[in-house]
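So the chains spell out like this:
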Amino acid sequence: MGLAVYPWQEELARELVSFRNNLPNGLLIYGPRGIGTIDLVVAYAKSLFCEHPHRDGTPCGECKGCKMANAFTHPDLRYVVSEAEAIPRGIPFEPPSNASKDRKIYREILIHQPRELTDFLNLAPHIENGRRIIVVYPADAIRADAAATFLKSLEEPPERTTFLLVADDIDRVLPTIRSRCRLLRAKAPTHEEALSWLKARGIRDAEEALARAAERPCLVTDEEAIRQNTEIDAKTREQLLTLTTMAPEIRLALLKTLSQGSRIDPTKIAVKEGRTALPVSAVLPVLERWSYDLLAVKTGLEPHYFPAYSPQMKQLVATVDADKLFKYNDSLKAMRRVVTHPLNAQLIIEQAILRYRKTMANQNFD
Ligand SMILES: [Zn+2]
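Residues numbered from 1 in each chain as written. Predicted model: local features only at pLDDT ≥ 70, side-chain atom pairs only at ≥ 80, totals over all residues. Heavy atoms only, no water.

(A) Inspection of the overall build of the protein chain at higher detail. Counting secondary structure elements, the protein chain contains 16 helices and five strands. The C-alpha atoms of the protein chain give a radius of gyration of 22 Å, which matches the 21 Å a tight globule of 366 residues would have. Expressed as a percentage of the 366 residues in the protein chain, the buried residues total 51%. In the protein chain, the proportion of contacts linking residues at least 24 apart, taken out of those at least 6 apart, comes to 68%. With an accessible surface of roughly 18200 Å², the protein chain has 50% of that area assigned to carbon and sulfur atoms. Side-chain charges of the protein chain comprise 50 positive and 47 negative groups, with the mean position of each set lying 3 Å from the other. (Helix = DSSP H or I, 4+ residues; strand = E, 2+ residues; numbered from the N terminus. Rg over C-alpha atoms; globule rule 2.2 N^0.38 Å. Buried < 20%, exposed > 50% of the residue type's maximum accessible area, 1.4 Å probe, protein only. Contact = heavy atoms within 4.5 Å. Areas by Shrake-Rupley, 256 points an atom, 1.4 Å probe, with all protein chains shown as cover. Lys, Arg positive; Asp, Glu negative; His and termini not counted. Charge placed at Lys NZ, Arg CZ, Asp CG, Glu CD.)

(B) Geometry of the packing of helix α5 (residues 112-122) against helix α6 (residues 144-155). Look at α5 against α6: their axes get within 9 Å of each other, and the N-to-C directions meet at 25 degrees. Taken together, the axes of α5 and α6 are roughly parallel relative to one another. Both α5 and α6 take part in a crossing whose hand is left-handed. Residues Pro114, Arg115, Leu117, Thr118 and Leu121 of α5 form the contact with α6, whose participating residues are Ala146, Thr149, Phe150 and Ser153. (Axes fitted to C-alpha atoms, helices over the stretch in contact; angles between N-to-C directions. Parallel < 35°, antiparallel > 145°, perpendicular 65-115°, else oblique. Left-handed = near helix turned anticlockwise from the far one by under 90°.)

(C) Layout of the coordination of the zinc ion. Protein coordination at the zinc ion: the donors are Cys50 (SG), Cys60 (SG), Cys63 (SG) and Cys66 (SG), at 2.3 Å from the metal. Classification of the site at the zinc ion as tetrahedral follows from its four donor atoms and the range of 100 to 120 degrees in their angles at the metal. All donors of the zinc ion come from a single chain, and their spacing in sequence reads C-x9-C-x2-C-x2-C. Here Cys63 lies in the loop between α2 (37-47) and α3 (64-70) and Cys50 lies in the loop between α2 and α3, a separation of 13 residues in the sequence. (Donors = N, O, S within 2.8 Å, 3.2 Å for Na, K, Ca; no water. Tetrahedral: all angles 85-135°; square planar, octahedral: opposite > 155°, others 65-115°.)

(D) The arrangement of the side chain of Asp39 in detail. Topologically, Asp39 is positioned in helix α2. Asp39 sits in the buried class, given a relative accessible area of 17%. Leaving out residues up to four positions away in the same chain, Asp39 has contacts with Val5, Tyr6 and Arg89.

(E) Representation of a negative patch on the surface in the model. A cluster of acidic side chains, namely Glu192, Glu193, Glu207 and Glu215, defines a negative patch on the protein surface. When you line up the elements, Glu215 lands in the loop between α9 (206-212) and α10 (217-228). Residue class for Glu215 comes out partly exposed when judged on its relative accessible area of 34%. (Patch = residues over 30% accessible without salt bridge, like charges linked within 9 Å, V, L, I, M, F, W, Y side chains within 5 Å. Salt bridge = Lys/Arg side-chain N within 4 Å of Asp/Glu carboxyl O.)

Here is the structure:
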């Protein structure tokens, strides 16, 4: 498999390895969230410090360069990664000195991060004839003030320095950053690739889990990893688990709306592809997860996806028959199979919400 972390990355891994001896100042690797692109780029960044790499670009794992890179202590390798992405991957993250204690987890790259980078870039690489590598993720979520500092480094790149930027959404990367980088696209796995990989990892109900994660297999395994990570406190875990396919504020609004049960107002859910409204592609997976959790609660279990909503869910399902919940859950699965186009999806989601309202009123829908 070479350097690829996941089986669908072999081509991209080869492409990255081909740059090894001729690295540009900026490489921007982009592809949808949840397909493991950042994991490959981290593996690649580490491999660049291996003193005796194999022919396919995989690191030896034994040399000093490998050991330091693996321990996140290599002096020439820096990570400018948002807190939300750093924590689950064990990447060191230092919050700003004025951060409040009860704050939310940062999902963006903040101004203090590239500032620290400036000092780093003013020094020569520690390793003679070596390179400095900076991994940046998500390059499409850099706060405006922080972006200015980046641009300066990208415009006047210090010698022997390479930025490896990773973005989930290329359209949200500042054009000025994009234009200074070589672009590489990360291909999403096919349904079969994703499914067989999840099955090989022992994921239960892999088909269902993959569908609920909108065909992004790493979201499934990342969630499992976060759930099982005992080094993260409960509050942080809860926050990380809610950051999946959609922006947290949008997701919260949707969950709040769903908590209204039969009092839900379908006209309040404006769905469209774009930045402000709910993205169609993300709504159905949330509805499915919500419905799955309602069923779990009805059968006496705790909600799997939205544990924070346990009290609301208990109240909601108290007056609804289990068979109605099953029927609703099945109808969502059927809907998922026919969502092919945003226009079509809009209608389907409206229908899904209307059915939800009926179900929560313990009524049948046609
Ligand atoms: Zn090595």
